[in-house]
Amino acid sequence: MPRVVRTLFGRTETALAAAIVVTAIVFSVASPYFLTMPNLVDLIEAYSVTTILAAGVFVVLVSGGIDISFTATASAAQYLAAYLMVRQGVPAVPALALAALLGIAMGSINALLTYHLRVVSIIVTIATASIYYALMIYFTNAEEIYNLPDWWSNGVSFFRYETANGDIVKITLPIVVMAVVVALTQYLMSRTRIGRQVYAVGGNPEAASRVGIDILRVQLFAYGYLGLLAAIAGFVQAGRVHQAVPTAMKGGELDVLAVAILGGASLVGGIGSVGGVLLGVLFLAMLQNGLNLLGVSSYFFGVVIGLAILVSISMTGYADKHARSRRVKRAG
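Everything numeric in this text was worked out from a predicted model, so none of it was measured. Position numbers for residues start from 1 in each chain and track the written sequence from start to end. Reporting in this predicted model follows two pLDDT cut-offs: at least 70 for local features of residues, and 80 or more for side-chain atom pairs to be given and counted; totals over whole chains, interfaces and linings ignore these cut-offs and use all residues. Hydrogen atoms and water are omitted, and side-chain values are computed over all heavy atoms in the structure.

1. Thoughts on the side chain of Q219
Numbering of helices and strands runs from the N terminus; a helix is a DSSP stretch of H or I covering at least four residues, while a strand is a stretch of E covering at least two. Checked against the element boundaries, Q219 lands in helix α12 (residues 215–241). Excluding anything up to four places from it in sequence, Q219 contacts A111, Y115 and G224. The criterion used for residue contact is that any of the two residues' heavy atoms lie within 4.5 Å.

2. Focus on the pattern of salt bridges
Every case where a carboxyl oxygen of Asp or Glu lies within 4 Å of a side-chain nitrogen of Lys or Arg is listed as a salt bridge. Applying the stated criterion across every chain, the model contains two salt bridges. E45 serves as the salt-bridge partner of R240, at 3.8 Å between the closest nitrogen and oxygen. Of this pair, R240 sits in helix α12 while E45 sits in helix α3 (residues 37–46), placing them 195 residues apart in sequence. A salt bridge links E143 to R87; its shortest N-O distance comes to 3.9 Å. You can see E143 sitting in the loop between α7 (121–140) and α8 (150–153) and its partner R87 sitting in helix α5 (residues 70–87), a full 56 residues away along the chain. For every residue, the accessible area obtained with a 1.4 Å probe (protein chains only) is divided by the maximum for its type, and the residue is called buried under 20%, exposed over 50%, and partly exposed between those limits. For E143, a relative accessible area of 40% corresponds to the partly exposed category.

3. Remarks on the environment of T36
Inspection of the secondary structure assignment puts T36 in the loop between α2 (12–30) and α3. Placed 131 residues apart in sequence, T36 and D167 show a C-alpha to C-alpha distance of 10.0 Å.

4. Thoughts on the pairing of strand β1 (residues 157–162)
A small share of β1 lies buried, amounting to zero of its six residues. Between β1 and the antiparallel strand that follows it, strand β2 (residues 168–172), lie five residues; G166 among them carries a positive phi value of about 90°. We call two strands paired when DSSP finds no fewer than two bridges between them.

5. Topic: the layout of surface pockets
Size it by volume and the second largest pocket reaches roughly 570 Å³. Grid points spaced at 1 Å and placed over the protein atoms alone form the basis of the search, with a cavity being a set where a 1.4 Å probe fits but cannot get out and a pocket an open set showing protein on both sides within 12 Å along at least five of seven lines. Lining residues have an atom within 4 Å of a point. Along the walls of the second largest pocket sit 26 residues, with W152, L173, P174, V177 and V236 positioned nearest its centre. Of all the elements in the fold, those that place two or more residues in the lining of the second largest pocket are α3, α6 (92–117), α8, β2, α9 (173–191) and α12. A per-element tally of the lining of the second largest pocket places α12 first, with six residues. Residue composition of the lining of the second largest pocket, by class: 15 nonpolar, seven polar and four charged. Grid points are joined across faces, edges and corners, and a volume is the space filled by probe spheres set on the points. Amino acids are sorted into nonpolar (Ala, Val, Leu, Ile, Met, Phe, Trp, Tyr, Cys and Pro), charged (Asp, Glu, Lys and Arg) and polar (every other residue, Gly among them).

6. A few points about α7
Between the first and last C-alpha of α7 there are 28 Å, a value that for 20 residues agrees with the 28 Å anticipated at 1.5 Å per step. Among the residues of α7, those classed as buried are S121, V124, T125, T128, A129, Y132, Y133, M136 and T140. For α7, the angular spread of the buried residues around the axis is 155°, confining them to a single face. Of the surrounding elements, those touching the buried residues of α7 are α5, α6, α12 and α13 (253–262). What a helix is expected to span follows from its residue count: subtract one and scale by 1.5 Å. Note that the arc is computed from the directions linking the helix axis to the C-beta atoms.

7. A closer look at the environment of S28
When you line up the elements, S28 lands in helix α2. Here S28 falls in the partly exposed class, since its relative accessible area comes to 23%. For the pair S28 and G290, spaced 262 residues apart in sequence, the C-alpha to C-alpha distance is 8.4 Å. If sequence neighbours within four positions are ignored, S28 has contacts with F34 and L35. Polar side-chain contacts of S28 include one of 2.8 Å to the backbone oxygen of A24. Any pair of nitrogen or oxygen atoms within 3.5 Å is treated as a polar contact; in protein, a donor-acceptor pairing is required on top of that, and neighbouring residues in sequence qualify only through side-chain atoms on both sides.

Laid out in structure tokens, this is it:
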């Protein structure tokens with residue numbers, strides 16, 4: 001492969017950006033509505049929950065773990081917040097704060113079990129997800145809460161614009177929350193000591209331990225942060241669908257993992273960027289939206305996600321193998 005091509009597409013983010021450009025061109029030719037401002041803004045809002053969750057999953061993946069219980073955490077947090085506000089009359093701020101603390105606690109439980117049991121994190125979180133959902137159904141009797149407060153169910157718009165065609169473009173609360181979460185995650189992972197420690201633990205936990213990094217503290221941060229973002233995603237999702245449901249987000253784990261993995265986060269830890277996650281969200285969102293505009297069955301998108309994960313894992317594995325062979329050659 002020519003050096004220029006290797007330089008251009010050597011990084012996952014660059015290759016993904018190129019794929020996004022190609023996808024945008026193809027779908028904009030096939031459907032004139034694809035690249036319009038109303039469609040793009042609607043697309044961003046529709047994927048706001050996925051982006052928030054993917055930011056948390058990204059941190060856990062970088063730390064060397066895999067957590068698939070985050071949808072159960074999101075469902076539990078949103079239901080608790082709704083229950084406190086609607087059924088108990090608790091003001092919004094303390095209700096949301098308590099629900100966020102529940103999310104952090106549920107994430108921290110995963111970290112403690114993974115650390116002390118010395119079990120692969122995906123096994124632990126499969127078990128905790130099952131437990132969390134079962135407890136939710138048991139204690140709530142699967143009852144849904146519909147009459148959410150107006151500010152929550154009707155949404156908040158920060159900007160509203162009407163195009164020449166009469167279409168409405170709105171910057172809503174889910175979009176703003178998503179932007180804040182992305183900026184916060186980028187700052188934590190690139191500018192703080194704990195963020196650097198997450199990369200160190202994910203890259204080589206034994207070496208990180210030898211230089212004095214507290215592995216449990218790092219895992220508590222990673223899983224607890226995912227728990228917090230899962231709670232926030234749960235709040236946003238409940239507002240978008242105007243109800244809180246005990247199993248509201250069950251089954252959405254694969255979409256979120258696909259975004260993080262496609263964005264370059266390695267399943268073995270220590271690799272990934274927030275920018276890559278954003279590109280992964282954008283790519284899958286554009287694919288789904290474009291296929292929908294072309295009338296392709298929504299069930300086919302599951303095939304697209306599966307293929308995207310396989311291709312991304314293959315690329316990451318090839319890159320890791322290539323890097324190891326270079327290190328061996330230098331050592332020789």
